[in-house]
Every structure is written in C-alpha cells, then in structure tokens.
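Chains, contacts and geometry: an overview
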Amino acid sequence: MEETLKLYEDVESWRTVIFLYNAALKEVGTKLEILNDEFKHVHKYNPIEYIKSRIKKPESIVKKLKRHNLDINVDNMINHINDIAGVRIVCSFTSDIYKVAEMIGKQNDLTVISVKDYIRNPKQSGYQSFHVIVYYTVQTINGPKRIHVEIQIRTLAMNFWATIEHSLQYKYRRNIPDRIRERLNASAEAILKLDQEMSSIHDEI
Ligand code: 0O2
C-alpha cells in the first residue's frame, strides 16, 4: 500500500514538473520569436531561420541519469539534467549565432547560468553548436518557480550534421563504428568550410 502511494506521489510530482518545463518552454519560445521580430524591424534582417522546442522524452531522461550514475528520481532529474526543456535556434550564419547569444545575455528575465561554445571548441565527435543554459521564472498559482532551459544555437549546416550524427548514435547505441566516425569527422570539417564560405559570400553582399 505504502509503495503504491509513493509511486502515485512520484507520478504526480513528475506530471507537475513536466507541466512547469512545458510552461517555461512556451514562454521562452515566444520571447525569442518576439526578439527575432524586433531585430528584423530594427535592422531589416532576420538572424534566426527557425526555432524548435522539445521536452526531453522520459526514456532519454532515465538514460542520462543512468549515464551519470544517478538514481532515477524527480529530484535528480531537476537538479542534474539541464536539458529537459530544450529550445533549438537555427541560424543561417555563424555570426548570427553570436548575435542571438548576445541578445539572450541581455534579457532581464533569463539568467544565464552556463555557456558552452562548441563552435570555437568543437567536440571530439565533430559536433558544433553553441549552448546556453538559462533559468526562466514561471509564475504559478503558488508563486514563482525557476526552471532550467537549454538553448542550443547552430547554423543550418551544423544542425544537418548533428541531426544525422544523433540518429546514428541512436542506431548504433552510442557506439558508432570507426569507419563511419571517420566519415562523420570529414563531414564536420566540410560543414565548417561551408559555413565559412557562406559567411564570406554573405559579407560581400
Ligand atoms: P539527446 O538525445 O539529444 O537528448 P552530457 O555531457 O552529454 O552527459 P550535458 O552537460 O548536457 O551532458 O552535455 P552537452 O554537451 O551540453 O550536451 C547536451 C546536448 O547537446 C545533448 O543532449 C545533445 O542533444 C547535444 N549534443 C552534445 N554532444 C553531441 C554530439 O556529439 N552529437 C550530437 N548529435 N549532439 C550532441 P543528450 O542528452 O546527450 O542527448
């Protein structure tokens, strides 16, 4: 009986937590859309191509907790997983990524808690992206609640590479064979060259 009650409490707190992450995601997404509209209004130029949001799937949350050798519970999920609510901003050019990151840093209602620049320092896998973890405060019927949101900012080309590599990681259960790894590394270099070339053409205009 006690166990059933505990399970019920866990499921209830899980639902409440996911509700809050969803609320944060909606508000942060709208906020970024408005900033993009304002940027376009002022500079006659759109730094953001598109924005996508997602809540991490329960099985991915569990996998990540296990990867970090943590017990599977709601507290660990809140305290140790920063990307339960994720927003992905896709830009045309690398310089746009830094413009968007700067805009995010200027917002009073977003507190930047960490930044990872995998563009200047790509991961060994070849992964390139700019990650910002922020706190956003959601107003609830019981008062304010601070929620973590991970914002990933990348170019269209970086996103193409990351999406393909991510699905291969899934297919090979994070054990991509060496021959495919080599091709992915070569593709990551090609992506870097492509982004540099497109930026240089863009600068000519
Ligand atoms: P999923 O399946 O996308 O949710 P970690 O070190 O990964 O355990 P942390 O601190 O969150 O934890 O790392 P990081 O580097 O900031 O990575 C956060 C997310 O960035 C990942 O979430 C991926 O979405 C993406 N990412 C990081 N590295 C790579 C990579 O090499 N390839 C691809 N395709 N994406 C990457 P998850 O939870 O790992 O995965």
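Our structure's up above, just so we're on the same page.
Residues numbered from 1 in each chain as written. Predicted model: local features only at pLDDT ≥ 70, side-chain atom pairs only at ≥ 80, totals over all residues. Heavy atoms only, no water.

Observations concerning the packing of helix H5 (residues 156–171) against helix H6 (residues 178–204)
Rule in force here: Between the N-to-C directions of two axes lies an angle of 0 to 180 degrees, each axis being a line fitted to C-alpha atoms and, for a helix, fitted only over the stretch in contact. Comment: elements are numbered from the N terminus, with helices defined as DSSP H or I runs of at least four residues and strands as E runs of at least two. What sets the label is the angle itself: under 35 degrees gives roughly parallel, over 145 gives roughly antiparallel, 65 to 115 gives roughly perpendicular, and the rest give oblique. Crossings are assigned a handedness: left-handed for a near helix turned anticlockwise from the far helix by less than a right angle, right-handed for a clockwise turn. In this analysis, two residues are considered to be in contact whenever any of their non-hydrogen atoms come within 4.5 Å of each other.
Closest axis-to-axis distance for the H5/H6 pair is 9 Å, and the angle between their directions is 165°. Taken together, the axes of H5 and H6 are roughly antiparallel relative to one another. Handedness of the H5/H6 crossing: left-handed. Touching Ala157, Met158, Trp161, Glu165 and Leu168 of H5 are Ile180, Arg181, Leu184, Ser187, Ala188, Ile191, Leu194 and Asp195, all from H6.

Section: the packing of aromatic side chains
To be explicit about the condition: The rule is short: rings of Phe, Tyr and Trp, with Trp giving its six-membered ring, pair when the centres are within 6.5 Å, and they are stacked under 30 degrees, edge-to-face over 60, tilted in between. For a Lys NZ or an Arg CZ to count as sitting over a ring, it must be within 6 Å of the ring centre and within 35 degrees of the ring normal.
Tallied over the full model, the rule gives 3 aromatic pairs. Its guanidinium or amino end placed over the ring of tyrosine 135, arginine 146 lies 4.0 Å from that ring's centre, counting from NZ or CZ.

Notes on the pattern of salt bridges
As a reminder, the rule being used: Salt bridge, as applied in this entry: a Lys or Arg side-chain nitrogen positioned within 4 Å of an Asp or Glu carboxyl oxygen. Throughout, exposure labels follow a simple rule: accessible area from a 1.4 Å probe, protein chains only, divided by the maximum for the residue type, with under 20% read as buried, over 50% as exposed, and the rest as partly exposed.
Counted by the stated rule, this structure contains 9 salt bridges. Lysine 64 is the partner of aspartate 83 in a salt bridge, and the nearest nitrogen-oxygen pair spans 3.3 Å. Here aspartate 83 is found in the loop between helix H3 (74–80) and strand E2 (85–91), whereas its partner lysine 64 is found in helix H2 (residues 58–67), with 19 residues between them in sequence. Here aspartate 83 and lysine 64 have matching classes, each one buried. Arginine 120 serves as the salt-bridge partner of aspartate 117, at 3.6 Å between the closest nitrogen and oxygen. Of the residues examined, aspartate 117 reaches a relative accessible area of 15% and is grouped as buried.

Thoughts on the nonpolar core
We count it as follows: In this text, buried Ala, Val, Leu, Ile, Met, Phe, Trp, Tyr and Cys residues form a nonpolar core when linked through side-chain atoms within 4.5 Å.
Among the nonpolar cores identified, the biggest contains 51 residues, and Val87, Ile89, Ile104, Val149, Ile151 and Ile153 are the most heavily contacted of them. Among the elements that line this core, the one with the most residues is helix H1 (residues 2–43), at 11 residues.

Thoughts on the environment of leucine 35
Structurally, the position occupied by leucine 35 is in helix H1. Overall, leucine 35 belongs to the buried group, its relative accessible area being 12%. On a C-alpha basis, the gap between leucine 35 and asparagine 76 in space is 33 Å, while along the polypeptide they are 41 residues apart. In this view, leucine 35 contacts Met103 and Gln107; residues no more than four positions away in its chain are not counted.

So, the site of the ligand
Using the following cut-off: When at least one non-hydrogen atom of a residue lies within 4 Å of a molecule or strand, that residue is treated as near it. Amino acids outside the nonpolar list (Ala, Val, Leu, Ile, Met, Phe, Trp, Tyr, Cys, Pro) and the charged list (Asp, Glu, Lys, Arg) are all regarded as polar, and Gly is one of them.
Neighbouring the ligand are 19 residues; Lys56, His68, Tyr118, Ser125 and Glu165 lie closest to it. Broken down by secondary-structure element, the contributors of at least two residues to the shell around the ligand are H2, strand E5 (143–155) and H5. No other element matches H5, which puts 4 residues into the shell around the ligand. A per-class count over the shell around the ligand returns 3 nonpolar, 6 polar and 10 charged.

Structural notes on H5
To keep it simple, the criterion reads: The span one expects for a helix is its residue count, reduced by one, times 1.5 Å.
Between the first and last C-alpha of H5 there are 23 Å, a value that for 16 residues agrees with the 22 Å anticipated at 1.5 Å per step. For H5, the full list of buried residues reads Ala157, Met158, Asn159, Trp161, Ala162, Glu165 and Leu168. The inward-facing, buried residues of H5 contact strand E1 (48–55), E2, helix H4 (94–105), E5 and H6. Two residues or fewer after H5 comes arginine 173, characterised by a positive phi angle close to 50°.

Focus: the pairing of E5
Put simply, the test is: Pairing between two strands requires that DSSP report at least two bridges joining them.
Judged by how many residues are buried, E5 sits mostly within the fold: 10 of 13 residues are covered. As judged from the 6 bridges shared by E2 and E5, these two strands associate in the parallel manner. Residue pairing across strands places valine 87 opposite isoleucine 151, the latter belonging to E5. Strand direction decides the pairing type here: strand E4 (residues 130–140) and E5, joined by 11 bridges, are antiparallel. Within the sheet, the bridge partner assigned to threonine 137 lies in E5 and is arginine 146. The hairpin turn running from E4 into E5, its antiparallel successor, is 2 residues long.

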